[in-house]
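Understanding the architecture of this molecule
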Amino acid sequence: MGHRDVGILHPGAMGARVAAQAVAAGAVVWWLPQGRSAASRDRAVEYGLRSAASIRELAATCEVVLSVCPPAAALDVAGQVAAAGFRGVYVDANAVSPERMAEITGVFEDGAVTVVDGGITGPPPRETGRTRLYLSGDDTAVARVSALFDGTALTPVTLAGPIGRASALKSAFAAYNKISYALAAQACALADGHGVLDDLLDLAKQMLPDTPLAATAHLAAAGPRAWRWEPEMREIARACRGAGVSSVFAEAAAETFARWEAHKDDPSVTGEQLIADLVQGTPSSMSCDRTGLPSR
């Protein structure tokens with residue numbers, strides 16, 4: 001397959017690595033540097049992304065646009081792309097509910113855009129076999145997107161059926177994977193409140209060694225990501241309600257992650273700090289940026 005122009009909005013740590021895989025497979029990947037952080041600009045240079053002067057230029061240049069952004073911003077980003085006059089394949093690869101995915105699809109109602117539902121599981125792709133991009137929707141468009149990542153560290157997986165299936169699978173997987181961090185923190189806070197935290201950690205190391213409960217260092221990984229995970233839990237709660245399933249676990253996890261939003265993108269936060277945020281009973285931040293876009 002020859003030259004392909006692909007746009008990506010707005011690449012944080014995950015999106016930039018996804019873009020890097022498309023570049024490695026031969027695509028020319030465009031992004032919007034306006035308003036982005038120095039870290040985002042550095043990643044763009046490192047991974048060989050090209051700068052577009054405006055979203056209209058990106059929309060006019062690209063055949064495929066990938067949206068990889070925090071879930072709270074997904075609908076707004078779709079609206080921006082639609083308003084820019086894009087005509088091509090739009091891939092929403094965000095952690096949104098099937099219901100939100102239907103709203104995003106509805107943004108492109110003039111028929112000029114084919115929407116593909118995407119769900120990324122695993123860490124930012126660096127090595128093969130760890131990160132998947134699930135895709136559902138129009139067969140031709142899905143095949144076109146899948147081909148962008150053939151032979152890369154991001155493994156495309158096609159789910160037969162309509163838009164919403166990829167988002168549903170991502171929601172179900174994230175519900176188990178990320179709520180486990182909230183449960184671990186809750187258990188540690190309970191144990192700490194009764195003076196048996198060290199005993200709990202020792203027990204977990206013996207009985208549950210590969211879980212967030214086994215070490216506060218493992219638990220700490222949730223802190224810098226909590227600002228993204230909180231709105232993702234709201235989306236999972238919505239997906240649960242859409243399936244007639246109780247949403248209380250996801251809503252409780254969202255409340256937990258909201259208490260950690262002051263630790264946004266802070267790699268120095270410790271598991272002990274996260275536990276303390278719950279024990280003290282006061283959310284650590286109510287003033288952080290809630291727009292859902294990465295820090296600028």
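Because the structure is predicted, anything quoted here is derived from the model rather than measured.

Strand pairs in the sheet, formed through backbone hydrogen bonds, run parallel or antiparallel to each other. What the eight strands build is an open sheet, ordered E3-E2-E1-E4-E5-E6-E7-E8; its pairing is mixed. Each of the sheet's edge strands pairs with one partner strand only, and the pair in question is strand E3 (50-51) and strand E8 (154-158). In this structure, strand E6 (residues 114-121) lies alongside strand E7 (residues 131-137), joined through six bridges in antiparallel fashion. Among the inter-strand pairings, aspartate 117 is bridged to a residue of E7, identified as serine 136.

This part takes up the pairing of E6. The buried fraction of E6 amounts to seven of the eight residues, a majority that puts the element mostly inside the structure. In this region the chain leaves strand E5 (residues 89-92), passes through helix H5 (residues 98-107) and returns to the parallel neighbour E6; the handedness of that crossover is right-handed.

What follows concerns the packing of aromatic side chains. Using the criterion set out here, one finds four aromatic pairs in the structure. A ring pair is formed by tyrosine 90 and phenylalanine 108, whose centres lie 4.8 Å apart and whose planes are at 45°; its orientation type is tilted. Here tyrosine 90 is found in strand E5, whereas its partner phenylalanine 108 is found in the loop between H5 and E6, with 18 residues between them in sequence. Residue tyrosine 90 shares its accessibility class with phenylalanine 108, and that shared class is buried. Aromatic rings pair up to connect Tyr181, Trp229, Phe257 and Trp260 into one cluster. Over the aromatic face of tryptophan 227 sits the side chain of lysine 264, whose NZ or CZ is 4.3 Å from the ring centroid.

With that settled, the discussion passes to the pattern of salt bridges. Taken as a whole and assessed by the stated rule, the structure comprises eight salt bridges. Arginine 100 is the partner of glutamate 103 in a salt bridge, and the nearest nitrogen-oxygen pair spans 3.0 Å. Separated by three residues within a single helix, glutamate 103 and arginine 100 lie in helix H5, roughly one turn from each other. The class of arginine 100 is partly exposed, set by a relative accessible area of 22%. Overlapping salt bridges, with partners in common, bring together Arg100, Glu103, Glu235 and Arg238 in one network.

Interaxial distance between helix H4 (residues 74-83) and H5 falls to 9 Å at its minimum, and their mutual angle equals 15°. Taken together, the axes of H4 and H5 lie roughly parallel to each other. You can see that H4 and H5 cross each other, and the crossing is right-handed. Across the interface between the two elements, Ala74, Leu75, Ala78, Gly79 and Ala82 from H4 touch Arg100, Glu103, Ile104 and Val107 from H5.

So, how was this worked out
Sequence order as written defines the numbering, with residues in each chain counted from 1. Only residues with pLDDT of 70 or above have their local features reported here, since the model is predicted, and side-chain atom pairs are shown and tallied only from 80 upward, although totals for entire chains, interfaces and linings are computed over all residues. Excluding hydrogens and water, the side-chain figures rest on all heavy atoms present in the structure. Whether two strands pair comes down to DSSP finding at least two bridges between them. A run of H or I in DSSP counts as a helix once it spans at least four residues, and a run of E counts as a strand once it spans at least two, with each numbered from the N terminus. Exposed residues in this analysis have more than 50% of their type's maximum accessible area, buried residues have under 20%, and partly exposed residues fall in between, with area computed by a 1.4 Å probe over protein chains only. Looking down the strands as they point away from you, a crossover is right-handed if its path from the first strand over the helix to the second goes clockwise. Classification of ring pairs uses Phe, Tyr and Trp, with its six-membered ring standing for Trp, and accepts pairs whose centres are within 6.5 Å; under 30 degrees between planes counts as stacked, over 60 as edge-to-face, and the remaining range as tilted. Either the NZ atom of lysine or the CZ atom of arginine qualifies as a charge over a ring when it sits within 6 Å of the ring centre and within 35 degrees of the ring normal. Note on definitions: salt bridges are taken to be side-chain nitrogens of Lys or Arg within 4 Å of carboxyl oxygens of Asp or Glu. Each axis is a line fitted through C-alpha atoms, taken for helices only over the stretch in contact, and angles between the N-to-C directions span 0 to 180 degrees. Angle categories: roughly parallel below 35 degrees, roughly antiparallel above 145, roughly perpendicular from 65 to 115, and oblique for all the rest. Take the far helix as your reference; a near helix turned counterclockwise from it by less than a right angle gives a left-handed crossing, and one turned clockwise gives a right-handed crossing. In what follows, residue pairs with any heavy atoms lying within 4.5 Å of each other are defined as contacts.

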